[in-house]
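Residues per chain are reported as follows:
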Amino acid sequence: MSATEYIGVRKITGPFVLLDGIQGAGYDEIVLVSTPDGEARKGRVVLVDEKATLVQVFTGTEGLVPETTSVRFLGRELEMALAPSMLGRTFSGLGEPRDGYGPVLGGVRRPVRGAPINPMAREYPRNFISTGISSLDVLLTLIRGQKLPIFSGNGLPHNALAVQIATQSKLLGAENFVVVFAGIGIKNDDAAYFQSHLASEGRGGNLVLFLNLADDPVIERIATPRLALTTAEYLAFDLGMHVLVILTDMTSYCEALRELSVARGEVPSRKGYPAYLYSDLASLYERAGALRNSKGSVTQIPILSMPNDDITHPVPDLTGFITEGQIVLSRDLEARGIYPPVDVLPSLSRLMKDGIGKGSTREDHANLAGQLFASYSRVQEVRALAGVVGTDELSRADKASLAFGDSFERLFVNQGMEENREIGHSLDLGWKLLSMLPVQELSRLSMEEIEKYIKKRA
Amino acid sequence: MNSTGKIVAINGPVIRASGMRSFAMREMVQAGRLLLLGEIIRLDGDDALVQVFEDTTGLRTGEPVTGTGGPLSMSLGPGLMGSIFDGIGRPLGKLLEREGPFVTRGVSIPQLDPDAMWDVTPLGKVGDVVTPGAPLALVKETSLVEHRILTPCDIEGEILSILPPGLHKASSVVARVRDGHGRERSIPMIRKWPVRTPRPIAERLLPDEPLLTGQRIIDGLFPISKGGVAAIPGGFGTGKTVTQHQLAKWSDAQIVVYIGCGERGNEMTQVLEEFPVLEDPRSGKPLMERTVLIANTSNMPVAAREASIYTGITIAEYYRDMGYDVALMADSTSRWAEALREISGRLEEIPAEEGFPAYLPTRIAEFYERAGKVTTLGGTRGSISIIGAVSPPGGDFTEPVTRHTKRFIRCFWALDQQLARSRHFPAISWIDSYSEYGDEVKSWYASHVDPAWATLREKARTLLAEDDKIQQIIRLVGEDVLPDDQRLIALTASFLKNGYLQQGAFGPDSYCPPKKGIAILNLLIAFHQKAEDLLSQGCPLSLLKGIDELVELTHLREIPAERLERFEELKHDLFERMESINRERIVSRREV
């Protein structure tokens, strides 16, 4: 039943319009909800049964009058037009042009829902992306095709870090590297920050933006990341480009989902979020990777702000279970003036092990990283102890550990916003720091490595 | 003629249809013009609720629902090994060939290729009387797996005809049998089995033989038996999946079924890329030749996630019935439980704890109870060991899935966030973990590995437990104020942690044969006893700590398994040094 139109709805409640007894309404079908003066809003069928059809209106239901509202069923799910000409454009959270130019013409139309990638079609990501940031390159290596979120908090420099990753990534010079940016409920200022920095130095043509700002309709946010990812998949797998997708702020997305779920009267799970939050987030995050018979790749850096800096909050928690690691930012490091304030211990890159070592970075990379983690973890214990007994009472090994910890944060983690460190340089810096520690403490290194990298240095 | 109903309501993966009086509970149906596969989960008068295993986008009210006449089933026969299936048993390889890199909907593909040719060797002859479970033919499935076609559990009688040796299609009938009622029954090479029904066995046996995993902390401290059940709980990033992969690679099971249940697509891809090139440490053959994968990635439909667990265990039971030791990894059972919760929510059932349905513990128990060491119907021995990963929200082990799982498993490998953060892997906590199989496998270890296994295990665990208390004091006041005997415990424990408990998943230490594990343990415990002895003679620990050889104790795991004699040499040198230091001390004191 394509393009059937109904005039008059039974009920309007929150973002929903309820219609009586429609036969043949499709689940997830797109509808146009129109007012008598011709204004049309996009909506989506979210529930159908014999008595009623529930439509969620993306841009809200303000101003709709039940008797005069007409609903047109389009007979298809939410789709978007895709073409190479999207590069350099800015769209709204629902995919409408936001830059004053016309709609996307030509190309192909795809549903934004996205189908799961067959695991047999995937290529396991193994290619190192050099970000020029020591803490990332050495300890939390980013791999092409990875989904690596930034767990941040309000007021922390996650935007600056995301921009630095996007602009310094070694792939960026290449012609086929593009950034797809989805702003989900972000502040106008943040959007402007990203827009100006990502588009600077002539990179504007390698950028596609989807912006749903903080004062834009909330329900629209459900669609925004899907539009961005559909675009990314098109650019990567149809056009063979390497795409970096930045999704920010995923917490706003989850809140929109919660709002919708509560409005529908669904049984809530943790903190009022719907029970399907995991599956829903997975349907976004899993849209990253590389395919065996395609040149392109989709790398995702979602950014989420942890409410109250709580990493066990459902949004970061479920995200961490789906993504391939996480970069956690620390308020404590930020307060001490360290940028980027990467809290390396709770951070992780799951795909790192296959993307480093001989042939990609350097043969000493894996054990060096392991030892830096172990030694820095010990620093935390010693600091706690020093807080109780005082620094003077510490053993020599413990004092060395404290000194190592300070240097690690000041020299290794800390770097300039535009400082681009070469991987070899970052690794050497790591060895230099480790040689501050007694050899008995270096249990993650092999005897051979201690000989080669530590003793020879001394 | 299949019966047909009509869709009246759609709510995510759950649809309601009317005109469904002639349908059976748990019957498989095809829904809508897209022919989406689903399963009836509630019948109420004329109405039925169906959980749909595929995405329901675009499904319309008024479209037909057609019955398939049977419950959700898995095809069992040659061709399973080395393959990857989705949650409801569709072959992902064939799906890729037909539909391209994205998984599409409403595709009907035979689970096993009926046209594949297999080399069949008959095991019986015309006139033989066969009983349930009796082998009828052998099929060389892979270089590692000899597939036995067995007499089904409901057939007994005289063989009327049997396939001659040679190549035959998978769709062939292997034998015809006249049963006790005089009926002629044919036994095809591929048979279907309803996945929610456990396959019958003759008798359950005590699981008294260990499943060797090549992982020191498991084999040495928290062993699991063949036929045992274990859980690996841990927050994100603690290494559940890496541990599961390690067990799938190195455990001495003959068959491995790996279920990726609601997890990452790349992790399945990793197995698909690694296992064909990794060698089984015992046979030298590629690991993929003994492995079956079930993949329901986290973005695949949630109802199929619920089914994936059953599809996997049914395949495991099928190979167990042939007399194999099967290991099944389910990663992660929490996603399966959450799928139950999601469906239950859509059915508007009254939730018990945290939104989970009240029948959650029953389902968990039913799943784990399908493990065990058994005598099969055919009289051979087989086993299924289940290792389930659990993903507690926020890493909190008191949540319902972890808590209920603990009731039905006997081996608990708790992953510790703190260990993972300091990159101590595997991050299995030696304090929170336990195994109930220690006593049952004791005599096996005594006769096959080392008579001292049980004693060493006990000593190591006691040391680590004492160390845990000592570490709490150290964190408060520092190490210097402790007496020497306690500092020695902390020292030996640190050797245990670095030299024994840690084990890299990548590189040469990935697989550790039991003999090497026991050699490390032996040396460290011997050092401890020797040092205790010297301390009691008045030798201060600070003197012993200065010995150069001690650094090597931290690096014991680097010694290759082929050089076990090195441990004896090291022990000899170390003891000599310790002795001589003590002698020098006594001499110098006398001189003073």
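Residues numbered from 1 in each chain as written. Chains lettered and ligands numbered in written order. Predicted model: local features only at pLDDT ≥ 70, side-chain atom pairs only at ≥ 80, totals over all residues. Heavy atoms only, no water.

### Focus: the overall build of chain A
Consideration 1: A tally of regular secondary structure across chain A gives 13 helices and 21 strands.
Consideration 2: Its C-alpha radius of gyration of 25 Å places chain A within 12% of the 23 Å reference for a compact globule of 458 residues.
Consideration 3: In terms of principal-axis extent, the alpha carbons of chain A reach across some 85 × 50 × 40 Å.
Consideration 4: Counting the 458 residues in chain A, one finds 62% classified as buried.
Consideration 5: When contacts within chain A are restricted to residue pairs at least 6 apart in sequence, those whose partners lie at least 24 apart make up 73%.
Consideration 6: Looking at chain A as shown, the accessible area adds up to about 16,600 Å², and 49% of this sits on carbon and sulfur atoms. (Helix = DSSP H or I, 4+ residues; strand = E, 2+ residues; numbered from the N terminus. Rg over C-alpha atoms; globule rule 2.2 N^0.38 Å. Buried < 20%, exposed > 50% of the residue type's maximum accessible area, 1.4 Å probe, protein only. Contact = heavy atoms within 4.5 Å. Areas by Shrake-Rupley, 256 points an atom, 1.4 Å probe, with all protein chains shown as cover.)

### With respect to the sheet that holds strand 14 (residues 166-169) of chain B
Residue and element names in this part refer to chain B.
Consideration 1: Spatially, 12-11-9-14 is the arrangement adopted by the four strands of the open sheet, whose pairing is antiparallel. Bordering the open sheet on either side are strand 12 (146-150) and strand 14, each of which pairs with just one other strand. Between one strand axis and the next, the sheet turns through 40° on average, direction left out of account.
Consideration 2: Of the pairings in the sheet, the one linking strand 9 (residues 117-122) to strand 11 (residues 135-140) comprises three bridges and is antiparallel in character. Looking at strand 11, one finds that Val120 is bridged to Val139. (Pairing = 2+ DSSP bridges. Axes fitted to C-alpha atoms, helices over the stretch in contact; angles between N-to-C directions.)

### Considerations on the pattern of salt bridges
Consideration 1: Evaluated as defined, the whole model comprises 80 salt bridges over all chains.
Consideration 2: Notably, a salt bridge pairs A:Lys455 with A:Glu451, separated by 4.0 Å at the nearest N-O pair. You can see A:Lys455 and its partner A:Glu451 sitting in helix 13 (residues 447-455), four residues apart, about one turn around the helix.
Consideration 3: With relative accessibility at 45%, the residue A:Lys455 sits in the partly exposed group.
Consideration 4: One salt bridge in this structure joins B:Arg33 and B:Glu63, with 2.5 Å as the shortest N-O distance. (Salt bridge = Lys/Arg side-chain N within 4 Å of Asp/Glu carboxyl O.)

### Brief notes about the domain arrangement of chain A
Consideration 1: By the assigned domains, chain A splits into domain 1 (4-77), domain 2 (80-355) and domain 3 (365-457).
Consideration 2: On a C-alpha basis, the centroid separation for the pair domain 1 of chain A and domain 3 of chain A is 61 Å. (Domains from an automatic or database assignment.)

### Looking at the nonpolar core
Consideration 1: In this structure, B:Leu80, B:Tyr319, B:Trp413 and B:Phe527 are the most contacted members of the largest nonpolar core, which totals 169 residues.
Consideration 2: Looking at this core, the element that brings in the most residues is helix 13 (residues 514-536) of chain B, giving 12 residues.
Consideration 3: Sequence-distant contacts of B:Phe527, defined by excluding residues within four places in its chain, comprise B:Leu488, B:Leu491, B:Thr492, B:Phe495, B:Leu550, B:Leu553, B:Leu574, B:Phe575 and B:Met578.
Consideration 4: A:Phe16, A:Ile30, A:Leu227 and A:Val245 belong to the second-largest nonpolar core, a separate cluster that totals 66 residues. (Core = buried A, V, L, I, M, F, W, Y, C linked by side-chain atoms within 4.5 Å.)

### Here's the deal with the environment of B:Glu274
Residues and elements named next belong to chain B.
Consideration 1: Along the polypeptide, Glu274 turns up in helix 4 (residues 265-274).
Consideration 2: Considering only alpha carbons, one finds Glu274 and Lys94, 180 residues apart in sequence, at a separation of 20 Å.
Consideration 3: Within the local environment of Glu274, its side chain forms a polar contact with the side chain of Lys249, the two groups lying 3.2 Å apart. (Polar contact = N/O pair within 3.5 Å; in protein donor to acceptor, adjacent residues only side chain to side chain.)

### Topic: the confidence of the model for chain B
Consideration 1: This prediction gives chain B a mean pLDDT of 94; 99% of its residues lie at or above 70.
Consideration 2: Interface confidence in the predicted complex, given as ipTM, is 0.91; pTM for the same model is 0.94. (pLDDT = per-residue confidence, 0-100.)

### Observations regarding helix 8 (residues 400-408) of chain B
Consideration 1: Turning to helix 8 of chain B, its buried residues number three or more, namely B:Pro400, B:Val401, B:Thr402, B:His404 and B:Thr405.
Consideration 2: The elements touched by buried residues of helix 8 of chain B are strand 19 (229-233), helix 6 (333-346), helix 7 (360-368), strand 24 (381-390) and strand 25 (411-412) of chain B.

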